[in-house]
Amino acid sequence: MDARGWVLRAVERLRFASVGDIQRWLDEEGESLSRLELARALEALLREGRIELERDVYRPARKSGGKDAFDQLFGD
């Protein structure tokens, strides 16, 4: 698995995580990333829309599928 995959897995498992929390989780799993690799992976995942950043806390991106389906079914 590449760095982005490991970082995404960490954010999904932790739900709400700071950079330090993500680094700690990765270390516990035996996957050590440098700060630069971690920063690049987080930026790539943010650009792809797979995670969100709010007040220095990362979380998995909200899924919009339910809202889209509701709007299509009951929308004006």
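Located above this text is the structure these notes cover.
Quick caveat: nothing in here was measured; it's all calculated off a predicted structure.

**Student:** Quick question: what am I supposed to make of the packing of helix 1 (residues 3-14) against helix 3 (residues 35-48) here?
**Tutor:** Two packed helices can be described by the angle between their axes and the distance between those axes. Relative orientation of the contacting elements helix 1 and helix 3 amounts to 75°, with a least axis distance of 9 Å. Accordingly, the angle class assigned to the pair helix 1 and helix 3 is roughly perpendicular. Only L38, A41, L42, A44, L45 and E48 of helix 3 make contact with helix 1, whose side of the interface consists of A3, R4, V7 and L8. Tallied by class, residues from the contact of helix 1 with helix 3 come to eight nonpolar, no polar and two charged.

**Student:** What should I look at first to understand the environment of R62 in this one?
**Tutor:** Among the secondary structure elements, R62 is positioned in the loop between strand 2 (57-60) and helix 4 (65-74). For R62 and E12, which are 50 residues apart along the polypeptide, the C-alpha to C-alpha distance reads 11 Å.

**Student:** Looking at this structure, how should I read the pattern of salt bridges?
**Tutor:** Any two side chains of opposite charge can pair, on the condition that their charged atoms come close. Under the definition given, this model contains six salt bridges. Ionic pairing is found between R59 and E52, a salt bridge with its closest N-O pair at 2.8 Å. Here R59 falls in the buried class, since its relative accessible area comes to 15%. A salt bridge links E52 to R62; the nearest nitrogen and oxygen atoms lie 3.9 Å apart. Taken together, the positions of E52 in strand 1 (residues 51-54) and R62 in the loop between strand 2 and helix 4 put the pair 10 residues apart, joining distant regions of the chain. Judged by its relative accessible area of 23%, E52 falls in the partly exposed class. A relative accessible area of 60% means that R62 is categorised as exposed. Connected via shared salt-bridge partners are E52, E54, R59 and R62.

How each quantity is defined
- Residues numbered from 1 in each chain as written.
- Predicted model: local features only at pLDDT ≥ 70, side-chain atom pairs only at ≥ 80, totals over all residues.
- Heavy atoms only, no water.
- Axes fitted to C-alpha atoms, helices over the stretch in contact; angles between N-to-C directions.
- Helix = DSSP H or I, 4+ residues; strand = E, 2+ residues; numbered from the N terminus.
- Parallel < 35°, antiparallel > 145°, perpendicular 65-115°, else oblique.
- Contact = heavy atoms within 4.5 Å.
- Nonpolar A, V, L, I, M, F, W, Y, C, P; charged D, E, K, R; others polar.
- Salt bridge = Lys/Arg side-chain N within 4 Å of Asp/Glu carboxyl O.
- Buried < 20%, exposed > 50% of the residue type's maximum accessible area, 1.4 Å probe, protein only.

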